[in-house]
Amino acid sequence: MASESAFRILALASRAFATADIELSALLARIARYTADAIGDVCAIRFLDDDRKFLDLVALERKQPEGAGLVPEWFARTRVQADDLGGAAETGALDVLTVPLRTGENIVGNIALSRTSPWWPYTIDDQGLLEELADRAGIAIRGARLHQELKLALQTRDDFLATAGHELKTPLAAMLMHVQSLQRVTRRDPTANVVDRIDKIANSGLRLERLVRQLLDVSMITAGKIRLEPDPFDLMDLVGDVVARFVEASDGVSTPISVRGETRVDGCWDWSRIDQVITNLVANGMKYGKGKPVAIDVSVDEGDVIIRVIDQGIGIDTEHQKKLFERFERAAATREFSGFGLGLWIARQIVEASGGRVVLESTSTDGSVFNVRLPRWPSNETIGEVSHGAV
Amino acid sequence: MGPCEGCALVVDDDNDLREAIRDALVVEGYDIGEARDGQEALAYLRSHDLPPLILLDWNMAPMDGARFMAEVSKDCALSAIPVVLLSACVGAAEKAIRHGFVGYLPKPINLDALLSIISRYCLMRANEI
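Because the structure is predicted, anything quoted here is derived from the model rather than measured. (Residues numbered from 1 in each chain as written. Chains lettered and ligands numbered in written order. Predicted model: local features only at pLDDT ≥ 70, side-chain atom pairs only at ≥ 80, totals over all residues. Heavy atoms only, no water.)

## Let's talk about unusual backbone geometry
Thinking step 1. Following Ala61 of chain B, the chain continues into Pro62 of chain B via a peptide bond in cis, with omega recorded as 0°.
Thinking step 2. The amide bond that connects Lys107 of chain B to the next residue, Pro108 of chain B, takes the cis arrangement and shows omega of -5°.
Thinking step 3. Relative to the helices and strands, Pro108 of chain B is located in the loop between β5 (103–106) and α6 (111–121).
Thinking step 4. Located in the positive-phi region is Arg52 of chain A, a residue other than glycine, with phi close to 55°.
Thinking step 5. Within the secondary structure, Arg52 of chain A sits in the loop between β1 (42–48) and β2 (54–62).
Thinking step 6. Positive phi outside glycine occurs at Glu302 of chain A, with the angle close to 50°.
Thinking step 7. Counting through the fold element by element, Glu302 of chain A comes out in the loop between β9 (294–301) and β10 (304–310). (Helix = DSSP H or I, 4+ residues; strand = E, 2+ residues; numbered from the N terminus.)

## Focus on the pattern of salt bridges
Oppositely charged side chains can pair when the atoms bearing their charge come close.
Residue and element names in this part refer to chain A.
Thinking step 1. Throughout the structure, instances matching the rule amount to 31 salt bridges over all chains.
Thinking step 2. For Asp266, the salt bridge goes to Arg264, with nearest N and O atoms at 2.9 Å.
Thinking step 3. Its salt-bridge partner being Asp301, residue Arg373 comes within 2.8 Å of it at the nearest N-O pair. Of this pair, Arg373 sits in strand β12 (residues 367–375) while Asp301 sits in strand β9, and the two are 72 residues apart along the sequence. (Salt bridge = Lys/Arg side-chain N within 4 Å of Asp/Glu carboxyl O.)

## Overview of the packing of aromatic side chains
For any pair of aromatic rings, the description rests on two quantities: the centre-to-centre distance and the angle between the ring planes.
All names here are of chain A.
Thinking step 1. Tallied over the entire structure, the rule returns 4 aromatic pairs over all chains.
Thinking step 2. Arranged with centres 5.3 Å apart and planes meeting at 65°, the rings of Phe233 and Trp269 form a pair that is edge-to-face. Linking Phe233 in strand β6 (residues 231–234) with Trp269 in strand β8 (residues 266–269), this pair joins segments that are 36 residues apart in sequence. Trp269 shares its class with Phe233; the two are buried.
Thinking step 3. What links up through ring pairs into an aromatic cluster is the set Phe233, Trp269 and Trp271.
Thinking step 4. The ring centre of Phe47 lies 4.5 Å from the NZ or CZ of Arg145, which sits over that ring. (Phe/Tyr/Trp six-rings, centres within 6.5 Å; stacked < 30°, edge-to-face > 60°. Buried < 20%, exposed > 50% of the residue type's maximum accessible area, 1.4 Å probe, protein only. Lys NZ or Arg CZ within 6 Å of the ring centre and 35° of its normal.)

## Remarks on helix α9 (residues 343–353) of chain A
Residues and elements named next belong to chain A.
Thinking step 1. Within α9, 9 of the 11 residues are buried, which leaves it mostly tucked inside the rest of the structure.
Thinking step 2. Within the sequence span of α9, burial applies to Gly343, Leu344, Trp345, Ile346, Ala347, Gln349, Ile350, Val351 and Ala353.
Thinking step 3. Remark: Gly355 follows α9 within two positions and exhibits a positive phi of approximately 85°.

## Structural notes on the interface of chain B and chain A
How large an interface is tends to be reported as the accessible area lost when its parts come together.
Thinking step 1. The interface is formed by 23 residues belonging to chain B together with 19 residues belonging to chain A.
Thinking step 2. Between chain B and chain A the total buried area reaches about 1900 Å² when both faces are included, carbon and sulfur atoms providing 58% of it.
Thinking step 3. Put simply, chain B and chain A have 8 salt bridges between them.
Thinking step 4. Across the pair Asp16 of chain B and Arg207 of chain A runs a salt bridge whose closest N-O atoms are separated by 2.9 Å.
Thinking step 5. On the surface where chain B and chain A come into contact, there are 11 residue pairs in polar contact (both at pLDDT 80 or more).
Thinking step 6. Of all elements in the fold, only α1 (15–27) and α6 of chain B reach the threshold of two or more residues within the side of chain B that touches chain A.
Thinking step 7. For the side of chain B that touches chain A, the element with the highest residue contribution is α1 of chain B, accounting for 9 residues.
Thinking step 8. Residues of the side of chain B that touches chain A, tallied by class, amount to 12 nonpolar, 2 polar and 9 charged. (Contact = heavy atoms within 4.5 Å. Buried area = accessible area lost by both parts, 1.4 Å probe. Polar contact = N/O pair within 3.5 Å; in protein donor to acceptor, adjacent residues only side chain to side chain. Nonpolar A, V, L, I, M, F, W, Y, C, P; charged D, E, K, R; others polar.)

## Brief notes about the pairing of strand β11 (residues 357–364) of chain A
All names here are of chain A.
Thinking step 1. Across 7 bridges, β11 lies against β12 in antiparallel orientation. The partner of Val358 across the bridge, within β12, is Val372.
Thinking step 2. In sequence, β11 turns back onto β12 through a hairpin of 2 residues. (Pairing = 2+ DSSP bridges.)

## A look at empty space enclosed by the protein
To find leftover empty space, a probe the size of one water molecule is rolled over the atoms.
Thinking step 1. If you walk through the whole model with that rule in mind, you get 2 cavities of 30 Å³ or more.
Thinking step 2. Estimated volume of the second largest cavity: approximately 30 Å³.
Thinking step 3. Every residue lining the second largest cavity is listed: His166 of chain A together with Asp57, Trp58, Asn59, Leu86, Ser87, Ala88, Cys89 and Lys107 of chain B. (1 Å grid on protein atoms, 1.4 Å probe; cavity = no way out; pocket = protein on both sides within 12 Å on 5 of 7 lines; lining within 4 Å. Points joined across faces, edges and corners; volume = space filled by probe spheres on them.)

## Let's talk about the sheet that holds strand β3 (residues 54–57) of chain B
All names here are of chain B.
Thinking step 1. Read from one edge to the other, the open sheet built from 5 strands follows the order β2-β1-β3-β4-β5, with strand pairing classed as parallel. For this open sheet the edge positions go to β2 (32–35) and β5, each flanked by a neighbour on one side alone. Mean inter-strand twist for the sheet, computed between neighbouring axes without regard to direction, equals 20°.
Thinking step 2. As paired elements, strand β1 (residues 8–11) and β3 share 3 bridges and run parallel to each other. Counted as the bridge partner of Leu9 is Ile54 from β3.
Thinking step 3. The strands touched by α1 are β1, β2, β3 and β4 (83–87); relative to β2, the strand with the most contacts, the crossing angle is about 175°. (Axes fitted to C-alpha atoms, helices over the stretch in contact; angles between N-to-C directions.)

No statement about biological role is implied by the geometric values presented.
Here you go:
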């Protein structure tokens, strides 16, 4: 490849990639097509998966019409081992070139080229040119990814606002219906017995208050404004309180909650925040638990306490497990279960700030187990602010 | 709930709101049947005397308002029952026209407007007349 021509190819590539459709898939197709045309004959772009074990094919383009010849089977494979850079090493083929794809400092995948026919080996110049092209592609891909992430974040926010509006409106609608009705009733008969209806208004008010508190928690956690105030206490007292509250709220008729394991676990935590964690996990278990019993199992492991919340509910599918503790994320279809989908995210923020961690221990169609591990006597270093900077 | 002649059916998946609507209508002298979603509503309709009016929420699970209306339209007897849409969604009025509702009440529901609709279709309990 003459250097003049290489220079021209790079200059054109910079323009082609920079003006490419900002949609990532369209950009990748354009990069692959341009590279195939420039150096020939078939270009594959692969991205590393989250665990960096596999490379997944994200674009495959041929030079037209010359690239219509035979492509090695492995070259077009949708998934290959990350340590096998597209099979080139395996075959020792000279008609294959593979270079890493970087966005900034990180290797995110690779770009591979293969000649079809006539057989025509790549040169060291070709490799240099592909590396240069890969660098330009990396910058463009980074831009497209950022754009995509931003779009997704905006979409998530809009979806959340719509859900939040609906969630807040429903208890409000119930309250206003009762209030309008009581206005009519008491105008007709000022002595009418309305105690029962007022209780219902109060319940709807409490439901609204819980929703608003969740929203405020999210905004405070995001801004890093919630500080933990740890005090020594027996965790089992707190667990007892949480259970009693659920039993009281349901008049003892809905999901049974049992407590097992330790009878006393002293430690130093922020009572109201840990209360919130256990409440959120139990509420979650009850919400998805199909009315079947929820168990809280408390055990001690050296300096840590382990709280497991076990339900016999619908389970969580693999796709949603990863996103479970993220903000505004909810595995089940939106309308079947009410709520913001913020409970688990808030729980995680508090647990991590308390020096512990919360994981989904197991899940199946027979139910899920959430596992919270908290240091009993955390040092100052392990206690952080409840803060989640990234938006 | 046993069969009751002339009682309107309220279909909403939010227990508190459904109960509030029921309480408000009961003290005004109407008998009310309840269902949590389209499926329950269909089961109710097949096991009770047909109500003179259905008040229907739109976003429900498992069976939402759209699917309920589609099911009802397949059955001559059921499709003759007037249905009023209760919805907090944008575009509810347009939905109401498209899906054959006789009326639409935005949430939060104005009780006077609800009573005015109810009185057009439902008789009060005998002892209230």
